[in-house]
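Geometric and topological summary
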Amino acid sequence: MSLYFKTTERYGLLAFVGNEKGSHNRMKRVLTDDYLALEIRGGYLVLIMDLGSGSQNIKHDTYVSDGKWHQAVIERTGKTCSITVRSGDENDSVVEGFLPGTYSVFNLDQKVSKFFVGGVSDKLQLPDTLENYHFDGCIEDVEFGETPVGLWDFVFAENNIEGCEERNELAVQPSNGLRFSGAGYVILPRKRHQFASETTIKMLFKTYAKDGLLFLIGKNNDFFALEIQDGHIILKYNLGTGLATLKSPDTYNDGKWHSWEAARFDKDAVLKVDQVEVDSAHITRRRNYVVNN
(Lines give C-alpha, C1' and ligand atoms only; values in the text may rest on other atoms or scores of the structure.)
Protein backbone atom coordinates (compact mmCIF):
# COMPACT_ATOMS: atom_id res chain seq x y z
CA MET A 1 0.00 0.00 0.00
CA SER A 2 1.18 3.51 -0.78
CA LEU A 3 -0.23 6.97 -0.13
CA TYR A 4 0.83 10.61 0.06
CA PHE A 5 -0.24 12.76 3.00
CA LYS A 6 0.43 15.97 4.89
CA THR A 7 -0.80 17.11 8.29
CA THR A 8 0.15 19.15 11.32
CA GLU A 9 -1.83 16.91 13.67
CA ARG A 10 0.20 14.53 15.81
CA TYR A 11 -2.48 11.85 15.93
CA GLY A 12 -4.69 10.35 13.24
CA LEU A 13 -5.68 7.32 11.19
CA LEU A 14 -4.48 7.33 7.59
CA ALA A 15 -5.90 3.99 6.47
CA PHE A 16 -7.56 0.80 7.63
CA VAL A 17 -7.77 -2.34 5.48
CA GLY A 18 -9.26 -5.50 6.86
CA ASN A 19 -12.05 -7.04 8.86
CA GLU A 20 -14.27 -6.04 11.76
CA LYS A 21 -14.45 -8.13 14.91
CA GLY A 22 -16.14 -11.44 14.17
CA SER A 23 -16.47 -10.82 10.44
CA HIS A 24 -14.44 -13.95 9.64
CA ASN A 25 -17.64 -15.89 10.37
CA ARG A 26 -19.02 -14.53 7.08
CA MET A 27 -15.94 -15.61 5.12
CA LYS A 28 -15.30 -19.11 3.79
CA ARG A 29 -12.56 -21.13 5.48
CA VAL A 30 -11.22 -18.11 7.40
CA LEU A 31 -10.69 -18.30 11.16
CA THR A 32 -9.21 -14.87 11.94
CA ASP A 33 -10.11 -11.19 11.61
CA ASP A 34 -7.05 -9.96 9.72
CA TYR A 35 -6.37 -6.25 9.35
CA LEU A 36 -3.82 -3.56 8.59
CA ALA A 37 -3.96 -0.03 10.00
CA LEU A 38 -1.65 2.93 9.43
CA GLU A 39 -1.79 5.56 12.16
CA ILE A 40 0.08 8.67 13.20
CA ARG A 41 0.93 8.56 16.90
CA GLY A 42 2.80 11.47 18.41
CA GLY A 43 3.83 12.63 14.94
CA TYR A 44 5.29 9.27 13.85
CA LEU A 45 3.85 6.59 11.56
CA VAL A 46 2.82 3.33 13.20
CA LEU A 47 1.78 0.24 11.26
CA ILE A 48 -0.52 -2.12 13.16
CA MET A 49 -1.09 -5.50 11.53
CA ASP A 50 -2.61 -8.81 12.56
CA LEU A 51 -2.72 -11.93 10.38
CA GLY A 52 -4.34 -14.05 13.08
CA SER A 53 -1.53 -14.62 15.58
CA GLY A 54 -1.83 -11.31 17.40
CA SER A 55 -1.15 -7.72 16.42
CA GLN A 56 2.28 -6.21 15.92
CA ASN A 57 3.20 -2.51 15.92
CA ILE A 58 5.97 -1.21 13.68
CA LYS A 59 6.92 2.42 14.35
CA HIS A 60 8.84 4.62 11.93
CA ASP A 61 11.39 7.12 13.23
CA THR A 62 10.68 9.99 10.79
CA TYR A 63 8.59 12.86 12.15
CA VAL A 64 5.72 13.47 9.71
CA SER A 65 3.37 15.96 11.42
CA ASP A 66 5.23 18.96 10.01
CA GLY A 67 2.71 20.16 7.43
CA LYS A 68 4.82 18.84 4.54
CA TRP A 69 4.02 16.16 1.99
CA HIS A 70 5.28 12.65 2.73
CA GLN A 71 4.82 9.32 1.04
CA ALA A 72 4.23 6.20 3.11
CA VAL A 73 4.82 2.82 1.47
CA ILE A 74 3.79 -0.37 3.28
CA GLU A 75 5.24 -3.62 1.95
CA ARG A 76 4.85 -7.16 3.21
CA THR A 77 6.51 -10.45 2.29
CA GLY A 78 5.13 -13.26 4.39
CA LYS A 79 5.53 -12.14 8.00
CA THR A 80 8.08 -9.42 7.21
CA CYS A 81 6.66 -5.89 6.96
CA SER A 82 8.31 -2.58 6.18
CA ILE A 83 7.40 1.11 6.25
CA THR A 84 9.18 3.40 3.80
CA VAL A 85 8.87 7.18 4.19
CA ARG A 86 9.81 9.59 1.40
CA SER A 87 10.15 13.22 2.44
CA GLY A 88 11.21 15.99 0.07
CA ASP A 89 14.84 15.75 -1.02
CA GLU A 90 15.80 13.42 1.83
CA ASN A 91 16.79 9.81 1.26
CA ASP A 92 14.10 7.17 1.65
CA SER A 93 13.93 5.85 5.21
CA VAL A 94 12.91 2.22 5.78
CA VAL A 95 11.95 0.46 9.01
CA GLU A 96 11.23 -3.29 9.08
CA GLY A 97 9.39 -5.49 11.54
CA PHE A 98 8.20 -9.07 11.87
CA LEU A 99 4.73 -10.42 12.61
CA PRO A 100 4.32 -13.05 15.33
CA GLY A 101 2.95 -16.57 14.99
CA THR A 102 2.67 -18.91 12.04
CA TYR A 103 0.06 -17.20 9.85
CA SER A 104 1.44 -15.40 6.79
CA VAL A 105 -1.64 -14.89 4.57
CA PHE A 106 -3.61 -11.62 4.69
CA ASN A 107 -7.21 -12.85 4.43
CA LEU A 108 -9.49 -10.31 2.75
CA ASP A 109 -12.94 -10.71 1.24
CA GLN A 110 -14.38 -8.38 -1.39
CA LYS A 111 -17.84 -8.44 0.19
CA VAL A 112 -16.89 -8.47 3.87
CA SER A 113 -13.59 -6.63 4.33
CA LYS A 114 -13.38 -2.85 4.74
CA PHE A 115 -11.08 -0.25 3.17
CA PHE A 116 -11.11 3.14 4.89
CA VAL A 117 -8.90 6.14 4.13
CA GLY A 118 -8.65 9.21 6.37
CA GLY A 119 -10.65 7.75 9.26
CA VAL A 120 -13.29 5.12 9.95
CA SER A 121 -16.97 5.00 10.78
CA ASP A 122 -17.87 5.05 14.47
CA LYS A 123 -20.38 2.28 13.79
CA LEU A 124 -17.76 -0.37 13.06
CA GLN A 125 -16.51 -2.94 15.54
CA LEU A 126 -12.79 -2.44 14.97
CA PRO A 127 -9.84 -4.05 16.77
CA ASP A 128 -9.02 -2.70 20.21
CA THR A 129 -5.42 -2.11 19.13
CA LEU A 130 -6.41 1.00 17.15
CA GLU A 131 -5.90 4.27 19.02
CA ASN A 132 -7.09 6.76 16.39
CA TYR A 133 -10.23 6.81 14.27
CA HIS A 134 -10.06 10.13 12.40
CA PHE A 135 -7.59 12.23 10.41
CA ASP A 136 -7.17 15.97 9.83
CA GLY A 137 -5.03 16.69 6.77
CA CYS A 138 -4.60 15.81 3.10
CA ILE A 139 -4.26 12.40 1.44
CA GLU A 140 -3.83 11.63 -2.25
CA ASP A 141 -2.53 9.06 -4.76
CA VAL A 142 -3.51 5.97 -2.77
CA GLU A 143 -2.46 2.58 -4.15
CA PHE A 144 -3.22 -0.88 -2.83
CA GLY A 145 -1.53 -3.88 -4.40
CA GLU A 146 -0.02 -1.40 -6.89
CA THR A 147 -3.55 -0.58 -8.09
CA PRO A 148 -4.58 3.11 -7.86
CA VAL A 149 -7.52 3.80 -5.54
CA GLY A 150 -9.56 6.83 -6.61
CA LEU A 151 -10.56 8.78 -3.50
CA TRP A 152 -13.36 10.59 -5.33
CA ASP A 153 -14.79 7.25 -6.48
CA PHE A 154 -15.82 6.34 -2.94
CA VAL A 155 -18.63 4.05 -1.84
CA PHE A 156 -19.50 6.29 1.12
CA ALA A 157 -17.94 9.37 2.71
CA GLU A 158 -18.60 11.40 5.84
CA ASN A 159 -17.55 14.89 6.98
CA ASN A 160 -15.49 15.61 3.86
CA ILE A 161 -15.81 19.38 3.61
CA GLU A 162 -13.56 20.23 0.67
CA GLY A 163 -10.88 18.96 -1.65
CA CYS A 164 -7.19 19.40 -0.94
CA GLU A 165 -4.74 21.42 -2.99
CA GLU A 166 -2.71 19.09 -5.17
CA ARG A 167 0.81 18.52 -3.93
CA ASN A 168 3.76 20.15 -5.69
CA GLU A 169 6.36 17.97 -3.98
CA LEU A 170 7.49 14.36 -4.32
CA ALA A 171 6.66 14.29 -8.01
CA VAL A 172 6.33 10.84 -9.54
CA GLN A 173 8.07 10.17 -12.83
CA PRO A 174 5.66 8.84 -15.47
CA SER A 175 6.05 5.10 -15.90
CA ASN A 176 6.29 3.32 -19.23
CA GLY A 177 5.87 -0.06 -17.59
CA LEU A 178 2.94 -2.44 -17.33
CA ARG A 179 1.52 -4.63 -14.58
CA PHE A 180 0.90 -8.25 -15.57
CA SER A 181 -1.49 -10.56 -13.73
CA GLY A 182 0.11 -13.81 -14.86
CA ALA A 183 -2.41 -14.46 -17.63
CA GLY A 184 -1.55 -11.75 -20.17
CA TYR A 185 1.18 -10.64 -22.54
CA VAL A 186 2.25 -7.82 -24.87
CA ILE A 187 3.36 -8.28 -28.49
CA LEU A 188 5.84 -5.70 -29.80
CA PRO A 189 6.53 -4.91 -33.48
CA ARG A 190 9.18 -7.40 -34.55
CA LYS A 191 10.62 -5.26 -37.33
CA ARG A 192 12.15 -2.94 -34.74
CA HIS A 193 14.29 -5.71 -33.28
CA GLN A 194 16.98 -7.62 -35.08
CA PHE A 195 19.83 -9.86 -34.03
CA ALA A 196 23.07 -9.00 -35.76
CA SER A 197 26.53 -9.70 -34.34
CA GLU A 198 25.76 -7.62 -31.25
CA THR A 199 22.59 -7.57 -29.15
CA THR A 200 21.74 -6.02 -25.77
CA ILE A 201 18.37 -6.19 -24.01
CA LYS A 202 17.63 -4.44 -20.69
CA MET A 203 14.57 -4.45 -18.47
CA LEU A 204 13.40 -3.49 -14.97
CA PHE A 205 11.07 -5.88 -13.16
CA LYS A 206 9.67 -6.79 -9.77
CA THR A 207 7.59 -9.80 -8.78
CA TYR A 208 6.77 -12.28 -6.05
CA ALA A 209 6.11 -15.05 -8.58
CA LYS A 210 8.52 -17.99 -8.64
CA ASP A 211 8.07 -18.67 -12.37
CA GLY A 212 7.30 -16.57 -15.42
CA LEU A 213 8.35 -15.41 -18.87
CA LEU A 214 9.87 -11.92 -19.01
CA PHE A 215 10.91 -11.63 -22.65
CA LEU A 216 10.85 -13.71 -25.83
CA ILE A 217 11.90 -12.95 -29.38
CA GLY A 218 12.39 -15.46 -32.14
CA LYS A 219 11.18 -17.27 -35.21
CA ASN A 220 10.96 -20.99 -35.87
CA ASN A 221 13.74 -22.64 -33.83
CA ASP A 222 15.83 -19.50 -33.34
CA PHE A 223 14.93 -17.60 -30.18
CA PHE A 224 16.20 -15.48 -27.29
CA ALA A 225 14.23 -15.72 -24.01
CA LEU A 226 14.41 -14.48 -20.41
CA GLU A 227 12.53 -16.44 -17.75
CA ILE A 228 12.12 -16.75 -14.00
CA GLN A 229 12.38 -20.30 -12.67
CA ASP A 230 12.06 -20.85 -8.92
CA GLY A 231 13.05 -17.19 -8.53
CA HIS A 232 16.23 -17.50 -10.62
CA ILE A 233 16.76 -15.44 -13.78
CA ILE A 234 17.28 -17.73 -16.77
CA LEU A 235 18.53 -16.74 -20.22
CA LYS A 236 17.83 -19.33 -22.91
CA TYR A 237 18.73 -18.94 -26.56
CA ASN A 238 19.26 -20.94 -29.70
CA LEU A 239 20.94 -19.22 -32.64
CA GLY A 240 21.11 -22.35 -34.74
CA THR A 241 23.86 -24.12 -32.80
CA GLY A 242 21.73 -25.72 -30.10
CA LEU A 243 20.20 -24.56 -26.84
CA ALA A 244 22.33 -22.51 -24.45
CA THR A 245 21.24 -21.62 -20.90
CA LEU A 246 22.55 -19.00 -18.46
CA LYS A 247 21.30 -18.89 -14.87
CA SER A 248 21.63 -16.54 -11.92
CA PRO A 249 22.76 -18.25 -8.69
CA ASP A 250 20.51 -16.02 -6.57
CA THR A 251 16.74 -15.54 -6.60
CA TYR A 252 14.98 -12.23 -7.28
CA ASN A 253 11.25 -12.82 -6.68
CA ASP A 254 11.30 -10.64 -3.54
CA GLY A 255 8.86 -7.96 -4.68
CA LYS A 256 11.65 -5.39 -5.14
CA TRP A 257 12.79 -3.67 -8.31
CA HIS A 258 15.68 -5.37 -10.13
CA SER A 259 17.31 -4.87 -13.49
CA TRP A 260 18.48 -7.53 -15.89
CA GLU A 261 20.63 -7.23 -18.97
CA ALA A 262 21.22 -9.92 -21.58
CA ALA A 263 23.98 -9.17 -24.05
CA ARG A 264 25.49 -11.07 -26.97
CA PHE A 265 28.58 -9.99 -28.86
CA ASP A 266 29.59 -12.27 -31.69
CA LYS A 267 30.11 -15.68 -30.01
CA ASP A 268 29.83 -14.58 -26.38
CA ALA A 269 26.74 -14.05 -24.20
CA VAL A 270 26.51 -12.42 -20.77
CA LEU A 271 23.69 -12.24 -18.22
CA LYS A 272 23.69 -9.42 -15.66
CA VAL A 273 21.30 -8.77 -12.78
CA ASP A 274 21.44 -5.44 -10.93
CA GLN A 275 24.52 -4.48 -12.98
CA VAL A 276 26.42 -7.58 -11.78
CA GLU A 277 27.46 -10.36 -14.15
CA VAL A 278 25.90 -13.61 -12.93
CA ASP A 279 26.66 -15.99 -15.82
CA SER A 280 28.22 -16.12 -19.29
CA ALA A 281 28.54 -18.48 -22.24
CA HIS A 282 30.54 -18.94 -25.43
CA ILE A 283 28.78 -19.89 -28.67
CA THR A 284 30.66 -22.71 -30.34
CA ARG A 285 29.68 -21.84 -33.91
CA ARG A 286 28.80 -18.40 -35.16
CA ARG A 287 25.50 -17.78 -36.82
CA ASN A 288 23.95 -14.33 -37.04
CA TYR A 289 20.31 -14.07 -37.84
CA VAL A 290 17.56 -11.52 -38.19
CA VAL A 291 13.98 -11.82 -36.99
CA ASN A 292 11.73 -10.59 -39.78
CA ASN A 293 8.00 -10.14 -40.10
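Residues numbered from 1 in each chain as written. Predicted model: local features only at pLDDT ≥ 70, side-chain atom pairs only at ≥ 80, totals over all residues. Heavy atoms only, no water.

Each helix and strand in the chain was counted, giving zero helices and 19 strands. With 293 residues in all, the chain has 39% of them scored as buried. The long-range fraction of contacts in the chain, counting pairs at least 24 apart against all pairs at least 6 apart in sequence, stands at 56%. For the chain, the exposed area adds up to about 17,800 Å²; of that, 47% sits on carbon and sulfur atoms. (Helix = DSSP H or I, 4+ residues; strand = E, 2+ residues; numbered from the N terminus. Buried < 20%, exposed > 50% of the residue type's maximum accessible area, 1.4 Å probe, protein only. Contact = heavy atoms within 4.5 Å. Areas by Shrake-Rupley, 256 points an atom, 1.4 Å probe, with all protein chains shown as cover.)

Side-chain pairs of opposite charge can arise where the charged atoms are in close proximity. Applying the stated rule across the entire model yields eight salt bridges. In this structure, the salt-bridge partner of Arg167 is Asp141, at a minimum N-O distance of 2.8 Å. Taken together, the positions of Arg167 in the loop between strand E11 (147-149) and strand E12 (198-205) and Asp141 in strand E10 (residues 138-144) put the pair 26 residues apart, joining distant regions of the chain. Salt-bridge contacts for Glu227 lead to Lys236; the nearest nitrogen and oxygen are separated by 3.7 Å. (Salt bridge = Lys/Arg side-chain N within 4 Å of Asp/Glu carboxyl O.)

Turning our attention to the packing of aromatic side chains. Applying the stated rule across the entire model yields five aromatic pairs. Each ring, one from Phe16 and one from Tyr35, has its centre 6.0 Å from the other, and the planes form 20 degrees; the classification is stacked. Of this pair, Phe16 sits in strand E2 (residues 11-18) while Tyr35 is found in strand E3 (residues 35-41), placing the two residues 19 residues apart along the sequence. Owing to a relative accessible area of 0%, Phe16 belongs among the buried residues under this scheme. Centroid distance Phe115 to Phe144: 5.4 Å. Interplanar angle 65 degrees. Geometry classified as edge-to-face. Of this pair, Phe115 sits in strand E9 (residues 114-117) while Phe144 is found in strand E10, placing the two residues 29 residues apart along the sequence. Phe115 sits in the partly exposed class, given a relative accessible area of 34%. Cation over ring: Arg167 sits above Tyr4, and NZ or CZ is 3.5 Å from the ring centre. (Phe/Tyr/Trp six-rings, centres within 6.5 Å; stacked < 30°, edge-to-face > 60°. Lys NZ or Arg CZ within 6 Å of the ring centre and 35° of its normal.)

Attention now goes to the nonpolar core. Membership of the largest hydrophobic core comes to 26 residues, with the highest contact counts inside it found for Leu3, Phe5, Leu14 and Leu45. Elements supplying a minimum of two residues to this core: strand E1 (2-6), E2, E3, strand E4 (44-50), strand E6 (70-77), strand E7 (80-86) and E10. With 20 residues, the next largest nonpolar core counts Phe224, Tyr252, Trp260 and Val273 among its residues. (Core = buried A, V, L, I, M, F, W, Y, C linked by side-chain atoms within 4.5 Å.)

For the rest of this paragraph, the subject is the sheet that holds E3. Here we have five strands laid out as an open sheet, ordered E5-E4-E3-E2-E9, and antiparallel in their pairing. Every interior strand has two partners, whereas the edge strands, strand E5 (56-63) and E9, have only one. On average, each strand axis in the sheet is tilted by 15 degrees relative to the strand beside it, whichever way the strands run. Note: E2 against E9, four bridges, orientation antiparallel. Each residue of the ladder has a partner; that of Ala15, found in E9, is Val117. (Pairing = 2+ DSSP bridges. Axes fitted to C-alpha atoms, helices over the stretch in contact; angles between N-to-C directions.)

Before going further, it helps to spend a moment on the environment of Asp33. With respect to the secondary-structure elements, Asp33 resides in the loop between E2 and E3. For Asp33, the residues in contact, after removing those within four places along its chain, are Asn19, Glu20, Lys21, Gly22, Ser23, His24 and Asp50. Looking at Asp33, its side chain comes within polar contact range of the main-chain nitrogen of Ser23, at 3.3 Å. Polar side-chain contacts of Asp33 include one of 2.8 Å to the side chain of His24. (Polar contact = N/O pair within 3.5 Å; in protein donor to acceptor, adjacent residues only side chain to side chain.)

A few words on the sheet that holds strand E15 (residues 232-238). Taken in spatial order, the four strands make up an open sheet running E13-E14-E15-E16, and their pairing is antiparallel. The sheet is open, and its two borders are formed by strand E13 (212-219) and strand E16 (244-251), each paired with just one other strand. Averaged over all pairs of adjacent strands, the angle between their axes in this sheet comes to 10 degrees, without regard to strand direction. The pairing of E15 with E16 spans five bridges and is classified as antiparallel. Bridged to Ile234 within E16 is Lys247.

You will see that Arg29, though not glycine, has its phi angle at about 55 degrees, which is positive. Tracing the sequence through the fold places Arg29 in the loop between E2 and E3. Phi is positive for Asp274, close to 55 degrees, though the residue is something other than glycine. By secondary structure assignment, the location of Asp274 is in the loop between strand E18 (268-273) and strand E19 (276-282).

This is a description of form; function is not addressed.
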